[in-house]
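The residues making up each chain are set out below.
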Amino acid sequence: MKIAIPAEIKNHEYRVSMTPAGVRELTERGHTVAVERGAGVGSGYPDDAYEQAGARIESDVDALWAGAELIIKVKEPQPVEVARLEAHQTLFAYLHLAADEALTRSLLKTGATCIAYETITDDHGGLPLLAPMSGVAGRMAVQAGAHCLEKAQGGAGILMSGVPGVAPARVTVIGGGVVGENAARMALGLGADVTVLDRSLARLEVLDQRYQGRLRTVYSTRDAIEAAARDSDLIVGAVLVPGASAPRLITREMLSMMKPGSVLVDVAIDQGGCFETSRATTHADPAYIVDDIVHYCVANMPGAVARTSTQALSNATLPWIVRLAEHGWQEALAEDEHFRRGLNLTGGALAHPAVAEAFGESCASVEALFERG
Ligand SMILES: NC(=O)C1=CN([C@@H]2O[C@H](COP(=O)(O)OP(=O)(O)OC[C@H]3O[C@@H](n4cnc5c(N)ncnc54)[C@H](O)[C@@H]3O)[C@@H](O)[C@H]2O)C=CC1
Ligand SMILES: CC(=O)C(=O)O
Ligand SMILES: [Mg+2]
């Protein structure tokens, strides 16, 4: 199969969708891999490392896309990339379509098959291609939150750990999944006072067992969220309903309950955000203030630690990419219900129920799509 690895073009996005080691796995199986010139540089992989792995380096980005059957990216395609996508091509990347109707409609018009990393599932109820970046973003959320708590950033001037005789910061994490657990672990490591809210009792039980009284677990209700708003110095938004847009858990009105200079880090911003006052920001200008509350809402947090993130992402995606390359999307997805859940769009139709629901549209029967092909 002809595979293309474009350079990422989102603001301050330094990841690349495949390491040279990943390229070698594909070229040794007889596939052709074209890598856009300079695509790996932000992650510390020069062009010659890809050449040694058997890739061809392509300087002409239009030719790179036009010559591919399978395009592997990190972030959702930007408008100039959507314009290059063709109906016969397969795109495999983070898409977060429920949060972006304009992107969804423009991708539908291309007729291309779009498979999202973040909706592929596993046998344990997890999201194996979201998890590695959720781990990174969860850990970063606390670093970012600690920075935002400093006075110069508009924060209340609170040190996460406190000092002897002075209480540590109160950190609440809403959503105790992969992002939430990693955020909680970092906050605990810094000596903060940590509470995790989730509406899954099973998840709260896992955290309770794992952290043996070092953090509080609280069932997520409106009351519990209001109490968190009143008491917390830092709230990390880490909820997810797979494929769907994030529920708005802290309203603008609730900001008035919070202490001035408190911080909201909305990691769920890539699914639209779980705070009403969240809007997506970039690493160039990551935070803003509404009603005295600092908001950090970067939608591609792992891009800032690209070397770590590229390796972690590539480790997770490679086996799935190999299956797409070896069998084509129809056969690869037909064989595996978890892979099928990654299918978001094909032939101009919506193929993921949560994405279709987000726009009040009907969802194509995935089984029927396979029969048609
Ligand atoms: N901004 C960024 O750079 C990044 C953002 N993310 C995003 O972070 C979000 C979380 O991802 P993961 O932790 O991997 O998901 P996950 O599925 O592991 O965890 C989500 C948790 O939220 C809980 N939840 C759902 N509704 C809730 C509610 N109303 N109240 C409390 N808890 C609720 C679920 O029970 C689950 O435990 C996703 O939107 C993901 O796309 C992930 C990586 C990078
Ligand atoms: C998950 C995601 O959106 C990211 O890593 O940027
Ligand atoms: Mg994102």
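The rules we used
Residues numbered from 1 in each chain as written. Chains lettered and ligands numbered in written order. Predicted model: local features only at pLDDT ≥ 70, side-chain atom pairs only at ≥ 80, totals over all residues. Heavy atoms only, no water. Donors = N, O, S within 2.8 Å, 3.2 Å for Na, K, Ca; no water. Helix = DSSP H or I, 4+ residues; strand = E, 2+ residues; numbered from the N terminus. Buried < 20%, exposed > 50% of the residue type's maximum accessible area, 1.4 Å probe, protein only. Patch = residues over 30% accessible without salt bridge, like charges linked within 9 Å, V, L, I, M, F, W, Y side chains within 5 Å. Areas by Shrake-Rupley, 256 points an atom, 1.4 Å probe, with all protein chains shown as cover. Salt bridge = Lys/Arg side-chain N within 4 Å of Asp/Glu carboxyl O. UniProt positions renumbered as here; feature names shortened; annotations may be inferred. Contact = heavy atoms within 4.5 Å. Pairing = 2+ DSSP bridges. Axes fitted to C-alpha atoms, helices over the stretch in contact; angles between N-to-C directions. Near = heavy atom within 4 Å. Polar contact = N/O pair within 3.5 Å; in protein donor to acceptor, adjacent residues only side chain to side chain. Nonpolar A, V, L, I, M, F, W, Y, C, P; charged D, E, K, R; others polar. Core = buried A, V, L, I, M, F, W, Y, C linked by side-chain atoms within 4.5 Å. Domains from an automatic or database assignment. Arc of directions from axis to C-beta.

K.L.:
Explain the coordination of the magnesium ion (ligand 3) residue by residue, including any values.
P.N.:
Protein coordination of the magnesium ion (ligand 3) is provided by Lys-75 (NZ) and Ala-299 (O), with donor distances spanning 2.0 to 2.6 Å. Here Lys-75 is found in the loop between β4 (70–72) and α4 (79–82), whereas its partner Ala-299 is found in the loop between β13 (293–296) and α10 (306–334), with 224 residues between them in sequence. The class of Lys-75 is buried, set by a relative accessible area of 3%.

K.L.:
Hey, could you go over a nonpolar patch on the surface for me, with residue numbers and the actual values?
P.N.:
Taken together, the side chains of Leu-159, Val-163 and Val-166 present a nonpolar region at the surface, about 270 Å² in accessible area. Of note, Val-163 is situated in the loop between α6 (131–148) and β7 (170–174).

K.L.:
Talk me through the UniProt feature "active site" (unreviewed entry) in the chain; I want residue IDs and the actual numbers.
P.N.:
Under the feature "active site" (unreviewed entry), the UniProt entry names His-96 and Asp-270. These annotated residues cover 175 residues of sequence, and their C-alpha atoms all fall within 6.4 Å of one another, placing them together at a single site. The class of His-96 is buried, set by a relative accessible area of 6%. Setting aside residues up to four positions removed in sequence, His-96 forms contacts with Lys-75, Glu-76, Glu-118, Asp-270 and Gln-271.

K.L.:
Residue-level account of the sheet that holds strand β8 (residues 193–198), with values.
P.N.:
Strand order across the open sheet formed by seven strands is β9-β8-β7-β10-β11-β13-β12, with mixed pairing between neighbours. The sheet terminates laterally at β9 (216–219) and β12 (287–290), the two strands that pair on one side only. Going across the sheet, the axis of each strand differs from the next one's by a mean of 20°, ignoring polarity. Bridge count for β12 against β13 is four bridges, and the pairing is antiparallel. Within β13, the position partnered with Ala-287 by the bridge is Tyr-296. Packed onto the sheet, α6 meets β10 (234–237), β11 (263–266), β12 and β13 and runs at close to 150° relative to β11.

K.L.:
If you had to explain the site of ligand 2 to someone new, which residues and values would you point to?
P.N.:
The immediate surroundings of ligand 2 are formed by Arg-15, Lys-75, Tyr-94, His-96, Leu-130, Met-133, Asp-270, Ala-299, Asn-300 and Pro-302. Between Arg-15 and ligand 2, the recorded distance is 2.7 Å, taken from a side-chain N or O atom to an oxygen atom. One of the side-chain N or O atoms of Asp-270 is found 3.2 Å from an oxygen atom in ligand 2. Taking 220 Å² as the accessible area of ligand 2 by itself, protein coverage stands at 95%. Here the residues of the shell around ligand 2 sort into five nonpolar, two polar and three charged.

K.L.:
So what's going on with the pattern of salt bridges? Residues and values would help.
P.N.:
By the definition in use, this model includes 19 salt bridges. In this structure, Arg-15 engages Glu-13 in a salt bridge whose closest nitrogen and oxygen atoms are separated by 2.8 Å. Judged by relative accessible area, which is 3%, Arg-15 ranks as buried. By relative accessible area, Glu-13 is classed as buried at 6%.

K.L.:
Outline the nonpolar core, listing residues and values.
P.N.:
Formed by 78 residues in total, the largest nonpolar core has its most connected members in Ile-72, Phe-92, Met-160, Leu-324, Leu-333 and Phe-339. The leading source of residues in this core is α10, at eleven residues. Each of two domains, domain 1 (2–119 + 306–372) and domain 2 (134–299), supplies a minimum of three residues to this core. Grouped together as the second largest cluster of nonpolar side chains are 23 residues, Leu-64, Trp-65, Ala-68 and Leu-97 included.

K.L.:
I'd like to hear about helix α9 (residues 222–231), residue by residue, with values.
P.N.:
Every buried residue of α9 is accounted for by Ala-224, Ile-225, Ala-228 and Ala-229. Buried residues of α9, seen end-on, are gathered within an arc of 145° and therefore sit on one face of the element. When the buried face of α9 is taken as reference, the exposed residues oriented beyond 90 degrees from it are Arg-222 and Asp-223. On its buried face, α9 is in contact with β7, β8, β9 and β10.

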